[in-house]
Amino acid sequence: MSLSKSNDDSNREVLDSNSDTNEEDKNELCPGFKDVDAFVKHGFGVVLSATKASAGLPQPGDEFDFYRSFPGFQEFCESQGDQILQCMSQIMQHHGCRSHVKDRNKLTAVEERFDLVVDSNDVILERAGILLDEADGVNRNQKPVMPAGFQPPKIVVSSWNRKGSGSSSQSETFRLLHAKNIARPQLKFKEKIDNSNTPFVPKIFIKPNAVKPLPSCKKHVCQPEDLDVPAALADLIHQQRTQEHVEDMFAHPYQYELDHLTVPDSLLSKPEPQMYKPIAETKLSFIDSLEDLVELNEKLCKLSEFAVDLEHHSYRSFLGLTCLMQISTRDEDFIIDTLELRSEMYILNEAFTDPTIVKVFHGADSDIEWLQRDFGLYVVNLFDTHQGSRALHLARNSLDHLLRHFCNVDSDKRYQLADWRIRPLPNEMVQYARTDTHYLLYIYDCVRAQLLDSNHGQPGLLQSVWNKSKDISLTKYMKPLFTEDSYLEVLRKQKRSFNTQQLTAFRLLFAWRDKLARQEDESTGYTLPIHMMIKISEELPKEPQGIIACCNPVPPLVRQQVNELHLLVQQAREMPLLKVRRNWRQHWHVGTPEVTLFGPHDTSRASESELPYFSPNGRLKFLQLINLFETLVDYFNQCFVLKEPDVHTEQNSLSVAQMKARRIIESFENPFRMYLPSTDVHVNKNAKFDPSSKIFEVPEDLLLLVPFLRGYYLASF
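Residues numbered from 1 in each chain as written. Predicted model: local features only at pLDDT ≥ 70, side-chain atom pairs only at ≥ 80, totals over all residues. Heavy atoms only, no water.

A. Just the environment of Lys 515, in detail. Relative to the helices and strands, Lys 515 resides in helix α18 (residues 500-520). C-alpha of Lys 515 to C-alpha of Asn 195: the two residues are 320 residues apart in sequence and 9.7 Å apart in space. (Helix = DSSP H or I, 4+ residues; strand = E, 2+ residues; numbered from the N terminus.)

B. Focus on the nonpolar core. Phe 506 and Val 558 are the most contacted members of the largest nonpolar core, which totals 30 residues. Examining the composition of this core, we find that 8 residues originate from one element, α18, more than from any other. In this structure, Val 360, Leu 392, Phe 406 and Leu 462 belong to the second largest nonpolar core, which totals 28 residues. (Core = buried A, V, L, I, M, F, W, Y, C linked by side-chain atoms within 4.5 Å. Buried < 20%, exposed > 50% of the residue type's maximum accessible area, 1.4 Å probe, protein only.)

C. Structural detail: the environment of Thr 322. As for its placement among the helices and strands, Thr 322 is situated in strand β3 (residues 321-328). Here the alpha-carbon distance between Thr 322 and Trp 420, two residues 98 residues apart in the chain, equals 8.7 Å. Residues in contact with Thr 322, not counting those within four places in the same chain, are Leu 310, Glu 311, His 312, Thr 338, Leu 339, Trp 370, Arg 373, Asp 374 and Phe 375. Here Asp 374 takes part through its side chain, which lies 2.7 Å from a polar atom of the side chain of Thr 322. (Contact = heavy atoms within 4.5 Å. Polar contact = N/O pair within 3.5 Å; in protein donor to acceptor, adjacent residues only side chain to side chain.)

D. Broad picture of the sheet that holds strand β5 (residues 358-361). Strand order in the open sheet made by the 6 strands is β1-β4-β3-β2-β5-β6, with mixed pairing throughout. Because the sheet does not close on itself, it has two edges, and the strands there are β1 (283-287) and β6 (382-384). Along the sheet, successive strands turn relative to each other by an average axial angle of 25°, direction set aside. For strand β2 (residues 305-313) and β3, the ladder comprises 7 bridges, and the chain directions are antiparallel. Bridge pairing links Val 308 to Ile 327 in β3. (Pairing = 2+ DSSP bridges. Axes fitted to C-alpha atoms, helices over the stretch in contact; angles between N-to-C directions.)

E. Broad picture of the pairing of β5. Residues Val 358 and Val 360 point to one face of β5 and Lys 359 and Phe 361 to the other, with burial holding for every one of them. Pairing analysis gives 3 bridges linking β2 to β5, with the strands arranged parallel. Residue pairing for β5: Ala 307 is matched across the bridge by Val 360. Across 3 bridges, β5 lies against β6 in parallel orientation. In the strand pairing of β6, Lys 359 is matched with Leu 382.

F. Just the pattern of salt bridges, in detail. If you walk through the whole model with that rule in mind, you get 23 salt bridges. For Arg 373, the salt bridge is made with Asp 374, and the minimal N-O distance between the two is 2.8 Å. As far as the burial class goes, Arg 373 and Asp 374 line up, both buried. Each of Glu 305, Arg 330, Asp 445 and Arg 448 takes part in a single network of salt bridges with overlapping partners. (Salt bridge = Lys/Arg side-chain N within 4 Å of Asp/Glu carboxyl O.)

G. Region of the structure containing unusual backbone geometry. A cis amide bond links Arg 423 to the next residue, Pro 424, at an omega of 0°. Residue position: Pro 424 is located in the loop between α13 (399-407) and α14 (427-438). Between Asn 552 and Pro 553 the backbone carries a cis peptide bond, its omega angle lying at -5°. Mapping Pro 553 onto the fold places it in the loop between α21 (544-549) and α22 (556-560). Within the chain, Asn 381 stands out as a residue other than glycine whose phi angle is a positive 70°. With respect to the secondary-structure elements, Asn 381 resides in the loop between α11 (365-375) and β6.

H. Inspection of the packing of aromatic side chains at higher detail. Throughout the structure, instances matching the rule amount to 16 aromatic pairs. On the numbers, 6.0 Å between centres and 40° between planes, the contact of Tyr 254 with Tyr 378 is tilted. In this pair, Tyr 254 is assigned in the loop between α7 (246-250) and α8 (255-259) and Tyr 378 in the loop between α11 and β6, connecting sequence segments 124 residues apart. Take Tyr 378: its relative accessible area is 2%, and that puts it in the buried class. Among the aromatic residues, those joined into a cluster by ring pairs are Phe 66, Tyr 67, Phe 70 and Phe 73. Above the plane of the ring of Tyr 526 lies Arg 316, whose end atom (NZ or CZ) is 4.1 Å from the centre. (Phe/Tyr/Trp six-rings, centres within 6.5 Å; stacked < 30°, edge-to-face > 60°. Lys NZ or Arg CZ within 6 Å of the ring centre and 35° of its normal.)

I. Geometry of the state of the cysteines. A full pass over the atoms with the stated rule returns 0 disulfides. Cysteine Cys 407 is unpaired, with the sulfur of Cys 446 as its nearest cysteine sulfur at 6.7 Å. Given the relative accessible area of 6%, Cys 407 is considered buried. In this structure Cys 550 is a free cysteine whose sulfur lies 6.3 Å from that of Cys 551, the closest cysteine sulfur available. (Disulfide = S-S within 2.5 Å.)

J. The arrangement of helix α20 (residues 530-539) in detail. Taken together, the buried positions of α20 are occupied by Met 532, Met 533, Ile 534, Ile 536 and Ser 537. Positive backbone phi, approximately 50°, marks Leu 540, located one or two places after α20.

K. The packing of helix α15 (residues 440-454) against helix α16 (residues 460-473), seen in detail. At their nearest, the axes of α15 and α16 sit 7 Å apart, and the two run at 135° to each other. Here α15 lies oblique to α16, going by the angle between them. Residues Tyr 444, Arg 448, Leu 451, Leu 452 and Ser 454 of α15 touch α16, and the partners they reach there are Leu 461, Leu 462, Val 465 and Trp 466. (Parallel < 35°, antiparallel > 145°, perpendicular 65-115°, else oblique.)

L. Representation of helix α9 (residues 290-301) within the structure. Between the first and last C-alpha of α9 there are 17 Å, a value that for 12 residues agrees with the 16 Å anticipated at 1.5 Å per step. Looking at α9, one finds that the buried residues are Leu 293, Leu 296, Asn 297 and Leu 300. Down the axis, α9 shows its buried residues gathered within 100° of arc, on one side only. Of the surrounding elements, those touching the buried residues of α9 are β1, β2, β3, β4 (332-337) and α10 (349-352). (Expected span 1.5 Å × (residues − 1). Arc of directions from axis to C-beta.)

Spelled out as structure tokens, the structure:
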């Protein structure tokens, strides 16, 4: 009997343990992951490690071709490629997509595989979007609420201008929201926009709510001789006259007030969210006159908080234009025409810098800079609901998500990229702009309450959001300044490999684009988009018509200045075309820490962080040194095969260029002779028999001169 009881007890324990494990397995999202957060965290780690690993792969071009010549590397690439294709096939099969990515014709394999990947991505992302909407409580099966008179767009089968197959004969009315025939508002501005290549000087000349007075350098009045120069240059001239400190002229005017700003206890306690009024029952005022603006400022100064948002346009202006400002209180909405009142907007500094009034923004990073740049407005006591959303770890931090989450309101984002210079504003755009701030004060209350609840009533988390919002208020607007090396940063992002002629063309086109965009007050993207500039640099057209052919559609300023662009391309084509097997320019980085390598001339295995540091002066000297090296290569290929000079050659039989080249060779012979090959070095036939040829082929061994010349001059950098 005792044995049977013990067996029963052991069986019960086994059953209990099995049931516990089964319950744990049932609670798991998938094998090995308890919940979604664990799965997402693991997935982010895998994606991050894969991205880091991909950055270490050879770059396409000469570097990849060099590694591809090794059989081991080629076999490894093929095996890994097969595994990747197999994984992709399994994912496509799981989602019901076509998955035959391996059995393809060799001639069209790349195009067919690419089409399969694009179709599969569309299906997978569409399903992911549906699931995310369902998780947020959005049902796509319900018909959306549309304004009266709105007609949904028809489905276009193939051609963009083909009429639909519907039988409806009713005419549709379309409103042009992106128009190129809009009168440029810059022409009406009282103060000319300063696009000069000089640092930005704050526009403020009156400082309301000041604890520390405004520096005297900001209060001066321009003398008559300063009226014909840009404002920034006039301030610099006055700075030299008065010998004031430059730091005071470029400092944040409210730095002292923001550093000593303290959040009162009333704003760190849990609020009772005050419900917003229905938008149909709320008064809307359009402010386009100085009298209305002064009256609005008086109303704002009597409040304890108000919400602010801006609408911006950047395509037809070099620095950008703030076209609209929306302000909402608990009882009323205001829309300010900032294009009309651009010179009078500084009046609102009285309310915007009052530390007792809370200014509520959402994503104020750009808004703060735009206010400083266009109006000289500054914000003291800011609360950014975007920072609050991030602290709460919501699913998304956009204003659209906050409106849906807290107010159950779906905003129409069709007009987010509309041209806000349009006057008069269509009613649809007015309603869109109004929605951005109408509900923001209620969201401000809800975010503060949830921040306190999530931190067990302690104000630490809420205080951190206030501190981050204050840091955003301290942001200073910085003008985009052009330097000789500005094009290198753009070229690095494009990850293109250029030869000397193409690099020269890109540098000249980049400088031309910046100069013309500043003069015409147009954006660089409107003047000449980057992809068109790269196309012209790669093709190097011989005729002006070739430049036009590289641009589709052709920018208006390019068509007007095509002859000047052609001269720049011709200037680039006159540069010697240097072909090397290894692009040393890709390994030249700026701002990396200085690390001494094991060998002074061995940089082939050095990572980016191990390359020496180059100061701006050092870069200039290094470029001059490389130009000298390229000049040597020019003489080498045109005049000589690199070998010992023939002592029997008569001096009188040499030309002036050959004698000059011999003297240069002899001057560089002693330091570097031990590192050159003992046998003759190959010289391109075209360069050997045709001295006028611009095409040279530099042997790999000759590149050993570069690290030695660089190391020789590093001490002076």
